[in-house]
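# Inside the fold
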Amino acid sequence: MRVSFAGFVERFAPAPLRRRLARPADWADSIAFGTGERAVTQRIALTAFLIRIVSAVIAYASQILLARWMGDFEYGVYVLVWVGAVIIGGLACFGIQTAVVRFVPEYAERGDHDLLRGIILGSRLQGIASATALAGLGVLGIWLLQDRLASYYVMPLYLAAICVPMLAIGEIQDGLARGFNWPDLALWPTFIVRPILIIALTYGAILLGAVPDAVTGMVAAILATYLTALWQMLAISRRAGHVVPAGLRRYRSLNWIAVALPIFLVEGFFNLLTNVDILIVGQLRPPEEVAVYFAAVKTLALVHFVYFAVRAAMMPRFSQYYTSGDRIRFEAVIRDSLHWTFWPSLAAVLLLLLFGKLLLSMFGPSFASGYPLLFIFSVGLLLRASIGPAESILTMAGEQRICAAVYALTFLFNLGLNYALIPRFGLYGAAFATASALTLETVAVYLAVRWRLGLNCSIFHVTGSRSMPRGRPDEGDPT
């Protein structure tokens, strides 16, 4: 028997509070038990939001433990190599991990199970093949250039190459789960299970006598990534078996590639944009400074769970309403995404600025020196939050090329500014370059949405004047 929030208030709340609690209880019931599209979207966003809160705490705690165990130098080596591996793992999918978020709900809504079965298998095969090829090229490159690399980076880089194929598969599994509106399987494995396993395996290795260094951390990361990705694949396959009947598979490879490649450019430049500062700091500064900078980035990155949760919930809705030509619902879901992104992000930034120094000191005594960086980062982050997941609106509306051009421009701007400012201003130069790049990206994406979709998309105003076409311009007949 289901117990509603309204029923609980009516039964147990004191009489003076019942009237005040009735409306919030009805709202909670509509989210928890509602079957309408907005209720489902809110439930997915709330689930993703809660998972991201838990995962942010776990990820942050894991970084603190790794920094404490390894020390500044080895931790700096580890985070630089791990960030590089994660970037390459995402790039190795060539955009298919996001394309499936667009195609899975579309095929499911049409009842086209042949194509649905085809994209589930095809995306996995493409991911493992391309990632393995890139990992092999990486190993060859490390071997050829090892005389030019600092000796303490060589072995961790080899280990990172082993990790790349399963990082790519994890990205694709996340996309499939999001396409099916399964936020638990999209978020739990990558953001909760994997960091817990990395910490547990690292600690176990240290107890058994392993040296607490970057090599030990990367071995633990390899095992955790493979175990998580394989378990996630099995879980998604089992659940998909209940909603997708067995049958023939049909592939529309050219269409998938045509959609995925522009997305690859968008997400590739986005990943580089959001991590290029760490990579350049690692190139130009010693590992100890990399550790401090990364700790500051991770601290303010706690705000990103808001954006990620809203994006995970809204992307299928953007695609659905744009495809059907439902302008009213399309604008309504954009309006919701803006409010659900900006105001929680603002609150989170204020809290982090208040307690940031304390949080950074948990990494170690030297890490508190990164506290002023948080103020620089926060400016760009809040400006970016003011337009919500606007790049997802462009992507789901078939405007990947515009989005890719924006990110390419912003990445090149960020790259040049980092190389110009880091040698002179150190970590402050990197932070200023990143905040400036986020500001440029925000303005460019806002203008692109207004130009291509006729939407004034900001936290202060959402309007549109154009009618939307049914379907997408890049879709064709099955081949």
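Our structure's up above, just so we're on the same page.
Our subject in this report is the structure included herewith. It should be emphasised that the depicted structure is a prediction, and the values quoted were computed from it without experimental measurement.

The rules we used
- Residues numbered from 1 in each chain as written.
- Predicted model: local features only at pLDDT ≥ 70, side-chain atom pairs only at ≥ 80, totals over all residues.
- Heavy atoms only, no water.
- Salt bridge = Lys/Arg side-chain N within 4 Å of Asp/Glu carboxyl O.
- Helix = DSSP H or I, 4+ residues; strand = E, 2+ residues; numbered from the N terminus.
- Buried < 20%, exposed > 50% of the residue type's maximum accessible area, 1.4 Å probe, protein only.
- Core = buried A, V, L, I, M, F, W, Y, C linked by side-chain atoms within 4.5 Å.
- Patch = residues over 30% accessible without salt bridge, like charges linked within 9 Å, V, L, I, M, F, W, Y side chains within 5 Å.
- Areas by Shrake-Rupley, 256 points an atom, 1.4 Å probe, with all protein chains shown as cover.
- Phe/Tyr/Trp six-rings, centres within 6.5 Å; stacked < 30°, edge-to-face > 60°.
- Lys NZ or Arg CZ within 6 Å of the ring centre and 35° of its normal.

## Notes on the pattern of salt bridges
The full count for this structure, using the stated rule, is 6 salt bridges. With its nearest N and O atoms 2.9 Å apart, the salt bridge here joins E106 to R110. Linking E106 with R110, this pair stays in helix 4 (residues 96-110), spanning 4 residues, or about one helical turn. With its nearest N and O atoms 2.9 Å apart, the salt bridge here joins R285 to E289. One connected set of salt bridges, linked through shared partners, spans E106, R110, D112 and R250.

## Some remarks on unusual backbone geometry
Unlike most non-glycine residues, F94 shows phi in positive territory, near 55°. With respect to the element layout, F94 can be found in the loop between helix 3 (37-91) and helix 4. Overall, F94 belongs to the partly exposed group, its relative accessible area being 29%.

## Quick notes on the nonpolar core
Formed by 62 residues in total, the largest nonpolar core has its most connected members in Y75, Y78, W82, Y293, F363, F367 and F377. In terms of residue count, helix 3 provides more of this core than any other element does, 17 residues in total.

## Looking at a nonpolar patch on the surface
On the surface, L137, L140, W143, L144, L145 and L149 cluster together into a nonpolar patch covering about 610 Å² of accessible area. Note on placement: L144 falls in helix 5 (residues 113-145).

## Description of the packing of aromatic side chains
Scanning the model with the defined rule gives 15 aromatic pairs in all. Ring plane angle 20° and centroid distance 5.6 Å describe the contact between F103 and Y107, whose orientation is recorded as stacked. Placement of the pair is F103 and Y107 together in helix 4, with a separation of 4 residues, close to one helical turn. For Y107, a relative accessible area of 0% translates into the label buried. Relative to W182, the ring of F180 lies with its centre 4.5 Å away and its plane at 10°, an arrangement referred to as stacked. Looking at F180, the relative accessible area reads 14%, which means it is buried. Put simply, the rings of Y60, Y75, F294, F363 and F367 touch in pairs and so form one group of aromatic residues. The ring of F103 has R102 sitting right over it, with the charged end atom 5.8 Å from the ring centre.

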